[in-house]
Structures are given as C-alpha cells and as structure tokens.
Amino acid sequence: MGSKIKNFSLIALGVIAGVGVSMQFDAIAQKTVPAAPLPLEQLRQLSDVFGLIKSDYVEPIDDKKLLTEAISGMVASLDPHSAYLDKKAYKELREGTAGKFVGLGIEVGMEDGYVKIISPIEDSPAYRAGLKAGDLITRLDTTPVKGMSLDDAVKKMRGEPNTKITLTIARKDEDKPLVVTIMRQEIRVQSVKSKVIEPGYAWLRVTQFQERTVDDLATKIAAIYAQEPNLKGLVFDLRNDPGGVLPGAIGVAAAFLPDGSPVVSTNGQLPTSKATFYAKREYYANSPSDDPLSKLPEAIKKVPMVVLVNAGSASASEIVAGALQDYKRAVVMGTQSFGKGSVQSVISLPPDKQTAVKITTARYYTPNGRSIQAKGIVPDVMVDEYPDGDGLNGFRLREADLTKHLTNDKDKDANTVKPITPDLEEEQRQAAIEKKRKPMEFGSADDFQLAQAINQLKGLPVKVSQVKPEVRSENETDDKPIKEQKQDEKKIDKLKEDKK
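Residues numbered from 1 in each chain as written. Predicted model: local features only at pLDDT ≥ 70, side-chain atom pairs only at ≥ 80, totals over all residues. Heavy atoms only, no water.

## Considerations on the overall build of the protein chain
Counting its regular elements, the protein chain contains 13 helices and 20 strands. Burial statistics for the protein chain: of 500 residues in total, 50% are counted as buried. A fraction of 72% describes how many contacts in the protein chain between residues 6 or more apart in sequence connect residues 24 or more apart. On the protein chain, roughly 24,300 Å² of surface is accessible, and the fraction owed to carbon and sulfur atoms is 54%. (Helix = DSSP H or I, 4+ residues; strand = E, 2+ residues; numbered from the N terminus. Buried < 20%, exposed > 50% of the residue type's maximum accessible area, 1.4 Å probe, protein only. Contact = heavy atoms within 4.5 Å. Areas by Shrake-Rupley, 256 points an atom, 1.4 Å probe, with all protein chains shown as cover.)

Next comes the structure, spelled out in structure tokens:
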C-alpha cells in the first residue's frame, strides 16, 4: 500500500524563486518512458525544422541547446505546472525538500510579460525587503524582464549565497518604480509555527509542506498541550501556504481525522494515478517503523477547530482544508483558496538521470469527490483579511487566471468562471488603504481573521465578509464523507435485495 505514494509528489503552485518545490527523494517517480507508437509524419516535420534552423538560421546554434529548448517548450505547453528541469533546477528541486535553499524567497508567476510576486515567503530576504504580493518585477539587475521566460527569470534570481541582485519593482500604488537590492541567502523555512493565543485557545500554522512537516506538527501539538492541557479550541492556519509534498498533507490531515479515513484520491491516465490515500502511517511516515502521530493526545481528534485559508492557500493546503471540511471536522474560514487541484510527478530522464520532467499526472479530489481544480476551497464562513475589507487578496492571481490551466472535471460552473477583472477604482482604493497599513503578520495581535476564528470557537459574533461565496454545483451537495456514502450505498443495496 505504501508504495503507491512513491509515484506522486504534490508540487507547490507556480515557480518559487529561492524556495524551490518541496518533495521527497523517494517521491520522485523513477521510470522509463513507456513504449508507444510514434507519429512518424510529425517527427519527420520536427526533423525538417531542426535541419532548417541548422542550415538557414542567421548564426550557428548548438544542437544540445536546440533540442533542450524543444523539450522544454513541449512540456511547458501542457499546463502551467509542467516543466523540463535541467541539472541545476532538478538539483534545487530535490534540495528543497529539506526546507533550505538559496535565493530570495518569493513565489512568482507571469503577468503581461513581467514576473509577478504571488507571495513573499515569511522571514525571507524578499519579505524583509518589503516586497508585496502583486508587485511586478520589471528588471533583474540591468536586464529587462519583458520577453524573458519565467524559468529564465527564476534562474537569474537564484545564485550563490551572499550575492546581491537588484530588482526594479512596479507597484500599483507607487508613482515611480522601486529599486530594491536583495542579498541572496540560504533560506530555512520553518514549516510549522504555534503559540497559545489565550487560556484555552491555540494557533497552529503550516507555512509549507516539507519532509519534516508531520514530525514538526506533532512536536508543536505536544508543546501546545503541555502548556494548555485543557485546550478548548484550535485555529489551524493555512493562509499563504503554497503546498508541498503529498505525504505531508496526508499526515497533517491524519492528525485530526479518525484513523484510516480517506484523505484524498487521485485520477489520471496511468493505473498508478488512480488511487486513494488514507490517514494511515504507511501513507505519511518517513520511516516504516516510526509514526510521529502515535504519541499525540487523543483530544486533538476532537478539539473544536477553525481552518484559515486565503487566495495564497494552494495544492497540499487545499487537500488538508478540503478533507477537514468534508468530514465536518473543522469550520473553514477566510477567503476562497487558489484552486490548484493537480498532481505533478517528477520523472528523471536517461541516460544519467540528472535532468527530469515535472509533469501533471493526475487531478486530486477531496473525500467527497470534489475537484478543487480551478475553483479552490470555498470557506464555510467568508471573512475578509481586514475589518474594512479584503485588501488586495481579492485581486490575487488564482489557478483559473493561469493560461492553459486544467479544467475542473467535476464542476462545469467552475470552468465558466472568468478571470478576475476588478473594478479599477475599487482596486486603487484598496491599494491606497494597503499603502497605509503596516505588513500584517499572521498570528499577531493585529490578525483580524485570527480574531474572528477565536470568536467562532467561543460562539461569539463573527464579522463576515460582504463577498458572497461561490455556489457549489449539484454534484457537490452531498457532504457525507466517503465512508458514510459507502455505508449508505450498502444499506440501499440491502433494501433492494430485501424487496426482491
């Protein structure tokens, strides 16, 4: 059973400059390209174009460069999350599983030919330099970004520790470009954070799903109960968590769900991509003989919970939020999540296996069979980021805004949702408000959504958002977990047999 999970790795959304994509070495699919009939006519055309470039192009082109770019373009044309990984990118990807890497610490995408900052990673050089979600990077040192591929831009932002790079930033509420010089550093992302907010109530946050996330989560929960043995409520914070490894998501969900509960299922072309993953040790533990959740207090399975999500919550964090929501284990609060409901596998390439392709191999589904792709998690209680509104969170890039994103195969309504086109005056008004605010730190005394979550746990009034949540489609109205659904189906079958 445990071997199934080795073929999958959930990849954080977008490309992260200096953060990398979290995954385990043993989660990398080691496979050869399957034999299949080759389209000879199209391959002949490819050969003709290759020869034409070699003979007619204005200057000589190296064969290896030409073929590498062809592979890269072919894979990148599939969807926003598939990519060819050269030796350096592949190495950085694997090193990122330990939660340490060299770079700036920003999660990025593309918009209008520029690099757009989706989110600065907490405590990173970019975060300390004051970079904000929504900023556009127009120059890297003296090189214009316009016309540069995202992959090339990310490579330029990465580098050796203690080397500098100057970013030119266009910010919507600034009249002039901002020029910021940042020192590249080895970034160690603290995967799990926690603290007791007040007697009886605690805050637990996962910033990114890494190899050690489940172990770190167990340590933090034990520390909370050591300080507050009579815990009355827990706020579980997944805001701005871009995702990470699938075992981490399963283990985190398993900490709060009944043992053996289905957490997530996947479906794709390969037989190995059609699988269900359960809250069992073999699906999340790094060691076959060790279960980091075995010593957790039983009370953690029943303590009242609120899960906080926002537009920066994606991938693995959406799996956890979706599972807890389906089982009614927690109230999900905040704003609609990013909507990355696809699984990427990293497949090393022969002959030396030092390069790889990161390719989308499946969609994932919550225990009730909901697809998150291009839709996201819709909170049970919509709460804005600030008392006076959602800030710029409502204008952030989501999966549905990405070019060539996969469609939602379960919810036709999700596929008809148009990309966000905010009212210009409203966006300018929100930008002006944001300019006056100091950067909000999750878990601080100024954290409005956290305060509302505590109110929810105490049964006090909650200031809900004026934004209406997206209506779920008909095939999502049954909110019974998989086990209950199967039990109901068996009861119906038995009644039919009895009638016969």
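From this point, things continue past the structure.
## Some remarks on the packing of helix α7 (residues 246-254) against helix α9 (residues 316-326)
Contact geometry of α7 with α9 gives a least axis separation of 9 Å together with a crossing angle of 25°. Classed by the angle they form, the pair α7 and α9 counts as roughly parallel. Our pair here, α7 against α9, has a crossing hand that is right-handed. Residue-level contacts link L246, A249, V252 and A253 of α7 to A316, I319 and V320 of α9. Of the residues belonging to the contact of α7 with α9, the class tally is 7 nonpolar, no polar and no charged. (Axes fitted to C-alpha atoms, helices over the stretch in contact; angles between N-to-C directions. Parallel < 35°, antiparallel > 145°, perpendicular 65-115°, else oblique. Left-handed = near helix turned anticlockwise from the far one by under 90°. Nonpolar A, V, L, I, M, F, W, Y, C, P; charged D, E, K, R; others polar.)

## Looking at the nonpolar core
Counting residues in hydrophobic clusters, the biggest one holds 53 residues, and the most contacted among them are L234, F236, F256 and V307. Apart from the residues within four sequence positions on either side, V307 is in contact with F236, L238, A321, L324, A330, V331, V332 and M333. Ranked by size, the runner-up nonpolar core spans 20 residues in total, among them V115, L150, L167 and I182. (Core = buried A, V, L, I, M, F, W, Y, C linked by side-chain atoms within 4.5 Å.)

## Side note on the packing of helix α1 (residues 40-56) against helix α2 (residues 63-76)
Running from amino to carboxyl end, α1 crosses α2 at an angle of 140°, the nearest separation of the two axes being 12 Å. For the element pair α1 / α2, the angle class is oblique. Read as a crossing pair, α1 and α2 show a hand that is right-handed. Contact residues: F50, I53 and K54 in α1; D63, L66 and L67 in α2. The residue makeup of the contact of α1 with α2, split by class, is 4 nonpolar, no polar and 2 charged.

## So, the side chain of D215
As for its position among the elements, D215 is in helix α6 (residues 213-227). Among buried Asp, Glu, Lys and Arg side chains, D215 stands out as unpaired, with R212 the closest opposite charge at 4.6 Å. (Lys, Arg positive; Asp, Glu negative; His and termini not counted. Salt bridge = Lys/Arg side-chain N within 4 Å of Asp/Glu carboxyl O.)

## Focus on the sheet that holds strand β11 (residues 192-198)
Strand order in the open sheet formed by 6 strands is β11-β12-β13-β16-β17-β20, and the pairing between neighbours is mixed. Bordering the open sheet on either side are β11 and β20 (381-382), each of which pairs with just one other strand. Across 5 bridges, the pairing between strand β12 (residues 201-206) and strand β13 (residues 233-237) is parallel. Opposite A202, over in β13, you have L234 as the bridge partner. (Pairing = 2+ DSSP bridges.)

## Examining the pattern of salt bridges
All told, the structure shown has 12 salt bridges when counted by the stated rule. A salt bridge links K155 to D86; the nearest nitrogen and oxygen atoms lie 2.8 Å apart. Taken together, the residues K155 in helix α5 (residues 150-157) and D86 in the loop between β2 (83-85) and α3 (87-95) connect sequence positions 69 residues apart. Judged by its relative accessible area of 21%, D86 is partly exposed. A salt bridge links R205 to D237; its shortest N-O distance comes to 3.4 Å.

## A word on the packing of aromatic side chains
Taken as a whole and assessed by the stated rule, the structure comprises 3 aromatic pairs. Centre to centre, the rings of F277 and Y283 are 5.9 Å apart; their planes meet at 85°, and the pair counts as edge-to-face. Taken individually, F277 and Y283 each receive the classification buried, so the pair is uniform in this respect. Connected via pairs of aromatic rings, a cluster forms that spans F277, Y278 and Y283. Between the NZ or CZ atom of K195 and the centre of the ring of W203, over which it lies, the distance is 5.9 Å. Stacked on the ring of Y278, the Lys or Arg K280 has its end atom at 5.3 Å from the ring centre. (Phe/Tyr/Trp six-rings, centres within 6.5 Å; stacked < 30°, edge-to-face > 60°. Lys NZ or Arg CZ within 6 Å of the ring centre and 35° of its normal.)

## A few points about α6
With 15 residues, α6 should reach 21 Å at 1.5 Å per residue; the first-to-last C-alpha distance of 21 Å fits that figure. Elements that come into contact with the buried residues of α6 comprise β11, β12, β13, α7 and α8 (281-284). (Expected span 1.5 Å × (residues − 1).)

## Thoughts on the pairing of β12
Counting buried positions along β12 yields 6 of 6 residues, so the element is predominantly enclosed. Burial of the side chains of β12 extends over both faces: Y201, W203 and R205 are buried on one face and A202, L204 and V206 on the other. As paired elements, β11 and β12 share 6 bridges and run antiparallel to each other. For K195, the partnering residue across the bridge sits in β12 and is W203. Linking β11 to β12, which pair antiparallel, is a turn of 2 residues; within it G200 sits at a positive phi near 95°. Since β12 and β13 lie parallel, the crossover through α6 that links them has a hand, and here it is right-handed. (Right-handed = clockwise from strand over helix to strand, strands pointing away.)

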